[in-house]
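One letter stands for each residue in the lines below.
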Amino acid sequence: MAASSSTIFDSILAGDIPCERIFEDEHVLAFLDIQPLSRGHVLLIPKQRAAKLHELDEAHAAALGRALPRLARAVMQVSGCEDYNVLQNNGAPAHQAVMHVHFHIIPKCAHKGLELIWNTENLKDGPELGSAIRAALA
Ligand code: 5GP
């Protein structure tokens, strides 16, 4: 798999670009989003350089999973919002602007926070599709 290109998050990880750091361990860094959708909007990134979620190794993926609920609790406490979105975009058509894996934690209070258009359709081929994805997992 091709190595990911450098992004602004590499400069943040290196300390070359300032950010408001919230949490850091061996594998991840969390900091405040510079253009928040609501007060308390936090980004969580792996220290591994990878553009998309599926490219992460197990250690970084696990560290992200460990940090997310802990960060969510802190963001809820400080923002005073009981509701929030965790957003993780993969690829420009999926609204990813910075090509380094990141999770948004976005408090949802009153009218502040993430707005979504959710264009659903009815599931048509559940058994076939489920079977294909199970086979791909194996
Ligand atoms: P994406 O659309 O890729 O999921 O979101 C990228 C996020 O990174 C945006 O919410 C944007 O505000 C944030 N961001 C981009 N550059 C910087 C930066 O230099 N510092 C911080 N703190 N956040 C940034």
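This is a predicted model, so every value here is computed, not measured. (Residues numbered from 1 in each chain as written. Predicted model: local features only at pLDDT ≥ 70, side-chain atom pairs only at ≥ 80, totals over all residues. Heavy atoms only, no water.)

Caption draft 1: Representation of the side chain of His41 in the model. Among the secondary structure elements, His41 is positioned in the loop between β2 (28-32) and β3 (42-46). Judged by relative accessible area, which is 3%, His41 ranks as buried. In terms of polar contacts, His41 uses its side chain to reach the side chain of His104, at 2.9 Å. Excluding its chain neighbours within four sequence positions, the residues that come into contact with His41 are Leu32, Asp33, Gln35, Pro36, His104, Ile105, Ile106 and Pro107. (Helix = DSSP H or I, 4+ residues; strand = E, 2+ residues; numbered from the N terminus. Buried < 20%, exposed > 50% of the residue type's maximum accessible area, 1.4 Å probe, protein only. Polar contact = N/O pair within 3.5 Å; in protein donor to acceptor, adjacent residues only side chain to side chain. Contact = heavy atoms within 4.5 Å.)

Caption draft 2: A look at the packing of aromatic side chains. Under the definition given, this model contains 1 aromatic pair. When the ring of Phe9 is compared with that of Phe31, the centres are 5.5 Å apart and the planes differ by 80 degrees; the resulting orientation is edge-to-face. With Phe9 in helix α1 (residues 8-14) and Phe31 in strand β2, the pair connects residues that are 22 residues apart, well separated along the chain. (Phe/Tyr/Trp six-rings, centres within 6.5 Å; stacked < 30°, edge-to-face > 60°.)

Caption draft 3: Molecular detail of the site of the ligand. Near the ligand you find 16 residues, and of these Asp33, His95, Ala97, His102 and His104 are the closest. One of the backbone nitrogen or oxygen atoms of Val98 is found 3.0 Å away from an oxygen atom of the ligand. The contact in question runs from an oxygen atom of the ligand to an N or O atom on the side chain of His102, over 2.7 Å. Computed on the free molecule, the ligand has an accessible area of 520 Å², of which 84% lies beneath the protein chains in the complex. Among the secondary structure elements, those contributing two or more residues to the shell around the ligand are α1 and β2. (Near = heavy atom within 4 Å. Areas by Shrake-Rupley, 256 points an atom, 1.4 Å probe, with all protein chains shown as cover.)

Caption draft 4: The arrangement of the nonpolar core in detail. Grouped together as the largest cluster of nonpolar side chains are 16 residues, with contacts concentrated most on Val28, Leu44 and Leu71. For this core, the secondary-structure elements that each account for two or more residues are β2, β3, α2 (58-79) and β5 (103-108). When residues of this core are assigned to their parent elements, the largest contribution, 6 residues, is made by α2. Not counting the four nearest positions on each side in its chain, Leu71 is found in contact with Ile22, Phe23, Ala30, Leu44 and Ile105. In terms of nonpolar packing, the next biggest core, distinct from the first, is built from 7 residues, Ile12, Phe31, Leu43 and Ile45 among them. (Core = buried A, V, L, I, M, F, W, Y, C linked by side-chain atoms within 4.5 Å.)

Caption draft 5: View of the state of the cysteines. Within the structure shown, the criterion is met by 1 disulfide. For Cys81, the disulfide goes to Cys109, at an S-S distance of 1.9 Å. Looking along the S-S bond of the Cys81-Cys109 disulfide, the torsion reads about -130 degrees, which is the left-handed sense. One end of the pair, Cys81, is in the loop between α2 and β4 (83-87); the other, Cys109, is in the loop between β5 and α3 (126-137), and 28 residues separate them in sequence. Since its relative accessible area comes to 27%, Cys109 is described here as partly exposed. (Disulfide = S-S within 2.5 Å.)

Caption draft 6: The arrangement of unusual backbone geometry in detail. Not every positive phi belongs to a glycine, and His95 is a case in point at roughly 75 degrees. With respect to the secondary-structure elements, His95 resides in the loop between β4 and β5. A positive phi angle, near 50 degrees, is found at Ala110, a position not held by glycine. With relative accessibility at 74%, the residue Ala110 sits in the exposed group.

Caption draft 7: Structural view of α2. Taking 1.5 Å per residue, 22 residues should reach 32 Å; α2 reaches 31 Å between its end C-alpha atoms and fits that length. Along α2, the sharpest kink reaches roughly 25 degrees, centred on Leu68 and followed within four residues by the proline Pro69. Residues His60, Ala63, Leu64, Ala67, Leu68, Leu71, Ala72, Val75 and Ser79 constitute the buried set of α2. Tucked into the core, α2 has its buried residues touching β1 (21-24), β2, β3, β4 and β5. For α2, the side-chain oxygen to backbone nitrogen distance between the N-cap and Ala59 is 3.3 Å, and the N-cap itself is Asp57. In the segment just after α2, Gly80 is the residue with positive phi, at about 80 degrees. (Expected span 1.5 Å × (residues − 1). Bend = angle between axes of the 7 residues up to and from the residue.)

This is a description of form; function is not addressed.
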